[in-house]
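# Observations on the three-dimensional arrangement
Residues per chain, in single letters:
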Amino acid sequence: MAICTISDFLKEILKFKSIIPSENIYYRGQNNGIGQGWELLPSFYRDKRKYSDVPFYKDKSEELNVIYKFVEKSYDYFKDVEFANLISVINILQHYGFPTRALDVTKNPLVALYFALEKVVQGDGNCPVIYLIYAEKSNAAFLINNDINTFYREKNDEKKGLGSAVLINGCNLSERIRSQKGDFIFFYEEVEIDKVPEFSVKEIPINVNNVKSLKEELDIIGISESTIYPSLVAEAKKLRGNLIGGYETNKHFKETVRSVGNTMVKKTPNTSDMVKRVLEDKKDEIPRKYLENKKMFAGLRLKER
């Protein structure tokens, strides 16, 4: 069943939870689903298919080298993170568009819905979807950090006893991550997540005819660009949109009222002429309501113009 309203979405979540009664359920929204070629796969592996000869994508040691060079150049974003805390570094990089082996998920289903709709406009050819993802285990980043460090220091084809993918709690060092309730799945290798035994996945399509109304519903309950990407710029952008939107709405309302008013105003004859016509009983020239009150005009004396 395709989602038409937020209520529909919540019902689908409850159905999923009735089958898998667990707190380890996460959500991910995408502009398109697997059927449209959008796999549940981190950007690192998607890029690797195109640029397999680039050292960053074929050599783990070079990948790690590039990561830390980037961090050193962008120190202000990482000054609260120990460089040895690689998992937190990757978590922050992921949220700013750096190609990583991490796939964003969230504990907030409405945040996932926002991301599914964010860049979609009705009629643009997109088929947005939401993924409900059950993870058998949720792992603290601190405890997984050693595994991640070991993985990057092993040979390219080695990942001793690490499995294919692991769900990791996101660090809250970034305001953006906190706002998005962000966690992530770290992929040790390119794999279809629904084929990994520790995960179960359900895809829920969104009715493209309801994209606009769903965005409006999200905005009403406080899920918008300014809350997903908190910053002064986003807040100012939202304020400007509200100001312009309010002005345009008010302007349209006034124009509508004026237009309706003009169509309702009829040309009214001069009062003296009207009285004369009533007294002369000119039925074809005056409204019936005046003829029915003919006596009211009988005592009037009209000035000649």
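Residues numbered from 1 in each chain as written. Predicted model: local features only at pLDDT ≥ 70, side-chain atom pairs only at ≥ 80, totals over all residues. Heavy atoms only, no water.

## Thoughts on the environment of F115
Under the convention used in this document: What counts as a helix is a DSSP run of H or I of at least four residues, what counts as a strand is a run of E of at least two, and both are numbered from the N terminus. Note on exposure labels: buried denotes an accessible area under 20% of the residue type's maximum, exposed denotes more than 50%, and partly exposed covers the range between, all computed with a 1.4 Å probe on protein chains only.
Mapped onto the elements of the fold, F115 is located in helix α6 (residues 109-117). Classification of F115 as partly exposed rests on a relative accessible area of 23%. Sequence separation of F115 and I228 is 113 residues, and the distance between their C-alpha atoms is 9.2 Å.

## Focus: the packing of helix α4 (residues 60-73) against helix α5 (residues 86-95)
Selection rule: Every axis in this analysis is a line fitted to C-alpha atoms, fitted for helices over the stretch in contact. Angles between the N-to-C directions lie between 0 and 180 degrees. Under this scheme an angle from 65 to 115 degrees is roughly perpendicular, one under 35 degrees roughly parallel, and one over 145 degrees roughly antiparallel; angles in between are oblique. Any two residues whose heavy atoms approach within 4.5 Å at even a single point are treated as in contact. Ten residue types, Ala, Val, Leu, Ile, Met, Phe, Trp, Tyr, Cys and Pro, are classed as nonpolar, four, Asp, Glu, Lys and Arg, as charged, and the remainder, Gly among them, as polar.
The contact between α4 and α5 brings their axes to 11 Å, and the two run at 70 degrees. One element, α4, and the other, α5, form an angle in the roughly perpendicular class. Within the contact between the two elements, α4 uses L64, I67, Y68, F70 and V71 and α5 uses L86, V89 and L93. Within the contact of α4 with α5, the residues separate by chemical class into 8 nonpolar, no polar and no charged.

## Some words on the packing of aromatic side chains
Inclusion rule: Pairing of aromatic side chains requires ring centres within 6.5 Å, counting the rings of Phe and Tyr and the six-membered ring of Trp. Pairs whose planes differ by under 30 degrees are stacked, by over 60 edge-to-face, and all others tilted.
Counting across every chain of the model gives 15 aromatic pairs. For the pair F56 and F98, a centre-to-centre distance of 6.0 Å together with 80 degrees between the ring planes defines the contact as edge-to-face. Within this pair, whereas F56 is found in helix α3 (residues 55-58), its partner F98 is found in the loop between α5 and β2 (102-106), the two being separated by 42 residues in sequence. The exposure class assigned to F56 is buried, which follows from its relative accessible area of 10%. Owing to a relative accessible area of 11%, F98 belongs among the buried residues under this scheme. Taken together, a centroid distance of 5.1 Å and an interplanar angle of 55 degrees make the contact between F70 and F98 tilted. Residue F70 is found in helix α4, and its partner F98 is found in the loop between α5 and β2; the two are separated by 28 residues along the sequence. Assessed through its relative accessible area of 36%, F70 is described here as partly exposed.

## Examining the pattern of salt bridges
As a working rule, side chains carrying opposite charge can pair if their charged atoms are close by. Keep this limit in mind: When a carboxyl oxygen of Asp or Glu is within 4 Å of a side-chain nitrogen of Lys or Arg, the pair counts as a salt bridge.
Per the stated rule, a full pass over the model turns up 7 salt bridges. The salt bridge partner of K202 is E12, with a shortest N-O separation of 3.2 Å. Within this pair, whereas K202 is found in strand β7 (residues 199-205), its partner E12 is found in helix α1 (residues 6-19), the two being separated by 190 residues in sequence. The class of E12 is buried, set by a relative accessible area of 7%. The shortest N-O distance in the salt bridge between K195 and E192 comes to 3.3 Å. Residues joined in a network through salt bridges with shared partners are E12, K15 and K202.

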